[in-house]
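One letter stands for each residue in the lines below.
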Amino acid sequence: MEIKQRLEHIAQTHYHQGLSQCDRKQVYHCLLRLTQELCATRPAATGTRKLYYFSAEFLLGKLLANNLLALGIYQETSRILTEAGHTLALVEETEPEPSLGNGGLGRLAACFLDSAAALGLPVDGVGLLYHYGLFQQKFQQNKQTEYPNPWIQDESWLLPTGTVFSVPFASGQVKAILWDVAVPGAHSNVTNRLHLFDVETPAPPPSHGIHFDKTDLPAHLTAFLYPDDSDEAGRLLRVYQQYFMVSAGAQLVLKELEESGASPDHFSNHVAIQINDTHPSMVIPELIRLLTARGLSMEQAIYQVSRACAYTNHTILAEALEKWPLDFIQRVAPVLVPIIRELDRRVKETHSDPKVAILMPAGAQNSQELVHMAHMDIHYSASVNGVAALHTEILKSSELKPFYLIYPDKFNNKTNGITLRRWLEVCNPRLAALLDDCLGQGWRQDPMELQALLRFEQDSALLDRLLAVKRDNKAALSLTLTQEQGVALDAESVFDIQAKRLHEYKRQQMNALYVIRKYLDIKEGRLPPQPITVIFGGKAAPAYRMAKHIIHLVLSLQQLIDRDPQVRPWLQVVMLENYNVTWAERLIPACDISEQISLASKEASGTGNMKFMANGAVTLGTLDGANVEIAQLVGSDNIYTFGAASSQVIELYGPPMHYHPDPYYQRPNVKPLVDFLLSPALSSAGDPNALRELWNEMTGKDWFMALLDVEAYIAARDRAIDDYGHRAAWAKKMLVNIAHSGYFSSDRTVAEYNRDIWHLT
Ligand code: 26V
């Protein structure tokens, strides 16, 4: 049946009326059903091995548009809806966004699933079904407050499977209910799956924000992603979640293996497992446990699991490298303790260096025996990878150097990527159409073809069209922001955007210091070459005090400037509420200057940087993570880099620590900016105590060295804003960035994982 007939049929069956009589929500549900039906008719990808991508996060974003595109019916559906008096974009607005991720790590997992399906590779995701997601961010009195995000509706992308496993916690068996989300591949005819586990009777949403009794398990096990871990109950809950995910996931892997007729003896010939950061690390001892229960010796089980597993490291931040007290694992999953001890014993038998041990004895540093999750992954995996060239080099030469000396062949780099289907084709139809006009449609399947755009570098008509697309996208963002948050933007101003998790290492506070610089300049009569709009988006972890203070600083600046008729025509600050994938899809196409200003060495890769680039923004960044590779590709005329090099930063950290902010704070161009936090003007909008605490941190510690780089940052940003005024030259920079973005397609990244690590087909 044709798409149109099928949609009319679904509308008649469920709503007893034609598509044109349905309201938007009903149209959405018709499309949801049709998409599910079409996905179900496609086979799963097959190969010699199957890869299971284990991840605590899958930051999927809305699925309708992406799935229609993958099924090849986006244009047709859009036309059918128009004929029925509807608009696909408005119908899409009724779709709730799944809340199963936090930031880059989770979005990367979602891009990888999309790419693996597009490449026809047998790759399924394994994760948890969080009912209230990360959290919903609201601003009250210029501060972040958190609420549950109950995103799951009766009719959704979640497919019941009828599959149930039993997870052996210390406290008793808990059932894990399996739900699937279909992942249709573009340019392939397959549908892969994301497997999400849930408890049998999930708790209703808490009545007071995101606070609930963390000891009341199992009902709360799948309530939130990253429940507050500032107390012991919160940390234990995370271990419960992790073991629930990996135990159910490992049982699913073995069930599918056995159903395929293969023997567990040859586990690694058929199965590959990617461990996305350390949250799923317990899958290693759990699989060893399950294989020995099926008759393999400990020796064989360790061999099979180590050949199947591969570990990706996503950060060098010490506080994010998980080390759980062995006692926690004893209290949650005692069945794993003897296996972890055995794994550690074998390591210690061959390696005397205590730095590579899995179990760290209680001692001066820690009061309890700790399990170093990453160490277990590295010893018992076939591959260890970083996520950008610089990051992998830092892992090899400093963070994980003792391991690199033992296992040089395990280490490899896989520079991250993004799916350009979501991050260009779907989110920026104006640019996609322009690219089709210039290049034909081949770039949609092979993004390296975007390089052909370089032939148009001198084509002033094309450059004008590029500028017009950007301007239209800026106007569209302004309209949406007005409708949804009551904030209008000046589409003629330069849009300078920093959208990412709030963290001191990402240095949103340094961006705020630039805003203060401009505010003071304008007050003193020094006007910028054109009006500037500075947009922030990002959530702070609920227990992360300084990150919340930085949000407060930005919101206070926003209010101060909004109320100042002298400044406001030249400078606008917007801290967007509840930044998520949907907002990212609106912000990124509208961006002129992409802020990627982490302290060099700290941002493993970044993936927002790639999305902004592909949409014609010019990067203002440090030589950190994948910014380094962006700079190499586009050349120094088409990116603004500044700041200390990663090697200098690593030197400064010592030990001993060589950095103190004071000499930088004392500089005449820096002190007034930082001291503005204590000014009566800002205090009139903000909470003086919070601002004082942030000032203390910035002047007394500044762990991520914002004051070291701030002067170079201001100079580079001023230069970028000056250059923005030279429209033709700026349009060329945009063009060069788009032309080189094909390298950052996650299709390329996933193909490299398959070639070097997974060997699926
Ligand atoms: C997690 C946590 C949790 C506890 C508090 C502090 C903290 C700090 C950082 C993290 C990040 C964990 C891993 C992560 O999300 N890494 C991101 O992975 C992206 C995909 O590879 C990469 O592009 C980002 O640079 C990297 O930060």
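Each remark here, short or long, concerns the structure printed above.
The shown structure was predicted, so the numbers you read here are calculated from the model rather than taken from an experiment.

Visitor: Looking at this structure, I do not really get the overall build of the chain. What am I missing?
Guide: Helix and strand content of the chain: 31 helices and 20 strands. Scaling as 2.2 N^0.38, a compact globule of 761 residues should have a C-alpha radius of gyration of about 27 Å, and the chain matches this with 26 Å. Dimensions of the chain, computed from the C-alpha atoms along their principal axes, are close to 80 × 70 × 55 Å. Buried positions account for 63% of the 761 residues belonging to the chain.

Visitor: When you look at the site of the ligand in this model, what are you seeing that I'm missing?
Guide: Contacts to the ligand come from 18 residues, most closely from His-314, Asn-416, Glu-603, Ser-605 and Gly-606. At 2.6 Å, a side-chain N or O of His-314 approaches an oxygen atom of the ligand. The separation between an oxygen atom of the ligand and a polar side-chain atom of Asn-416 is 2.8 Å. Summarising the interface, the protein chains cover 81% of the accessible area of the ligand, which totals 590 Å² for the free molecule. Partitioning the shell around the ligand into residue classes produces seven nonpolar, seven polar and four charged.

Visitor: Looking at this structure, I do not really get the packing of helix α29 (residues 706-724) against helix α30 (residues 727-739). What am I missing?
Guide: Pairs of packed helices are described in terms of their axes, by the angle between the two and the distance that separates them. It is at 7 Å that the axes of α29 and α30 come closest, and there the two elements cross at 115°. In terms of orientation, α29 lies roughly perpendicular with respect to α30. Across from Ala-720, Asp-723 and Tyr-724 in α29, the residues of α30 making contact are Arg-727, Trp-730 and Lys-733.

Visitor: What's the story with the state of the cysteines in this structure? I'm lost.
Guide: Inspection of every chain in the model, using the stated rule, returns zero disulfides. The closest cysteine sulfur to the non-disulfide-bonded Cys-438 is located on Cys-427, 18 Å from its own sulfur.

Visitor: Can you help me understand helix α4 (residues 74-83) in this one?
Guide: Given 3.6 residues per helical turn, the α-helix brings residues three or four places apart onto the same face. Residues of α4 that are buried include every one of Tyr-74, Thr-77, Ile-80 and Leu-81, and no others. Each buried residue of α4 sits inside an arc of 130° when the element is viewed along its axis, so together they form one side. Exposed side chains of α4 directed beyond 90 degrees from the buried face belong to Gln-75, Thr-82 and Glu-83. On the buried face of α4, the contacting elements are α1 (3-15), α2 (24-40), α3 (64-70) and α5 (88-92). Directly after α4, the chain includes Gly-85, whose backbone phi takes a positive value near 85°.

Visitor: How do you make sense of the pairing of strand β19 (residues 618-621) when you look at a structure like this?
Guide: Each regular strand displays side chains that alternate between the two surfaces of the sheet. Where burial is concerned, the two faces of β19 agree: the one with Val-618 and Leu-620 and the one with Thr-619 and Gly-621 are both buried. In this fold, strand β18 (residues 593-596) hands off to helix α22 (residues 608-614), which returns the chain to β19; that crossover is right-handed. Summarising the sheet, β19 and strand β20 (residues 640-641) pair through two bridges and their orientation is parallel. Residue Gly-621 lies in a different strand from β20, and its bridge partner there is Thr-641. Considered for its hand, the β-α-β crossover made up of β19, helix α23 (residues 627-634) and β20 is right-handed.

Visitor: Mind showing me how you'd approach the packing of aromatic side chains here?
Guide: One pair of aromatic rings is described through two measures. These are the centre distance and the angle between the planes. Evaluated as defined, the whole model comprises 22 aromatic pairs. Ring geometry for Tyr-404 and Phe-411: centres 5.5 Å apart, planes at 80°, overall edge-to-face. Owing to a relative accessible area of 27%, Tyr-404 belongs among the partly exposed residues under this scheme. By relative accessible area, Phe-411 is classed as buried at 8%. Ring geometry for Tyr-640 against Trp-730: centres 6.3 Å apart, planes inclined by 20°, an arrangement best described as stacked. Taken together, the residues Tyr-640 in strand β20 and Trp-730 in helix α30 connect sequence positions 90 residues apart.

Visitor: Can you walk me through the sheet that holds strand β9 (residues 309-312) in this structure?
Guide: Two modes of strand pairing occur in sheets, parallel and antiparallel, and in both the strands are linked by backbone hydrogen bonds. Pairing is mixed across the open sheet formed by nine strands, whose spatial order is β5-β6-β7-β2-β1-β8-β9-β13-β14. Both outer strands of the open sheet, β5 (159-169) and β14 (411-413), are each paired with one neighbouring strand and no more. Mean inter-strand twist for the sheet, computed between neighbouring axes without regard to direction, equals 25°. Pairing analysis gives three bridges linking strand β13 (residues 383-386) to β14, with the strands arranged parallel. By the bridge assignment, Asn-385 is partnered in β14 with Asn-412. Strand contacts of helix α14 (residues 389-399): β13 and β14, with the helix running at about 160° to β14, the strand carrying the most contacts.

Visitor: Honestly, the nonpolar core in this entry has me stumped. Any pointers?
Guide: The tendency in soluble globular proteins is for nonpolar side chains to be buried side by side. With 145 residues, the main nonpolar core has Phe-197, Phe-244, Phe-267 and Ile-273 as its most contacted residues. Top contributing element to this core by residue count: helix α7 (residues 232-259), with 14 residues. With residues near it in sequence (within four places) discarded, Phe-244 still touches Leu-128, Val-167, Phe-169, Val-174, Lys-175, Ala-176, Phe-197, Asp-198, Val-199, Leu-221 and Thr-222. One finds Leu-462, Leu-467, Ile-535 and Ala-716 within the second-largest nonpolar core, a separate group that totals 126 residues.

Here is what the cut-offs are and how they apply
- Residues numbered from 1 in each chain as written.
- Predicted model: local features only at pLDDT ≥ 70, side-chain atom pairs only at ≥ 80, totals over all residues.
- Heavy atoms only, no water.
- Helix = DSSP H or I, 4+ residues; strand = E, 2+ residues; numbered from the N terminus.
- Rg over C-alpha atoms; globule rule 2.2 N^0.38 Å.
- Buried < 20%, exposed > 50% of the residue type's maximum accessible area, 1.4 Å probe, protein only.
- Near = heavy atom within 4 Å.
- Polar contact = N/O pair within 3.5 Å; in protein donor to acceptor, adjacent residues only side chain to side chain.
- Areas by Shrake-Rupley, 256 points an atom, 1.4 Å probe, with all protein chains shown as cover.
- Nonpolar A, V, L, I, M, F, W, Y, C, P; charged D, E, K, R; others polar.
- Axes fitted to C-alpha atoms, helices over the stretch in contact; angles between N-to-C directions.
- Parallel < 35°, antiparallel > 145°, perpendicular 65-115°, else oblique.
- Contact = heavy atoms within 4.5 Å.
- Disulfide = S-S within 2.5 Å.
- Arc of directions from axis to C-beta.
- Right-handed = clockwise from strand over helix to strand, strands pointing away.
- Pairing = 2+ DSSP bridges.
- Phe/Tyr/Trp six-rings, centres within 6.5 Å; stacked < 30°, edge-to-face > 60°.
- Core = buried A, V, L, I, M, F, W, Y, C linked by side-chain atoms within 4.5 Å.

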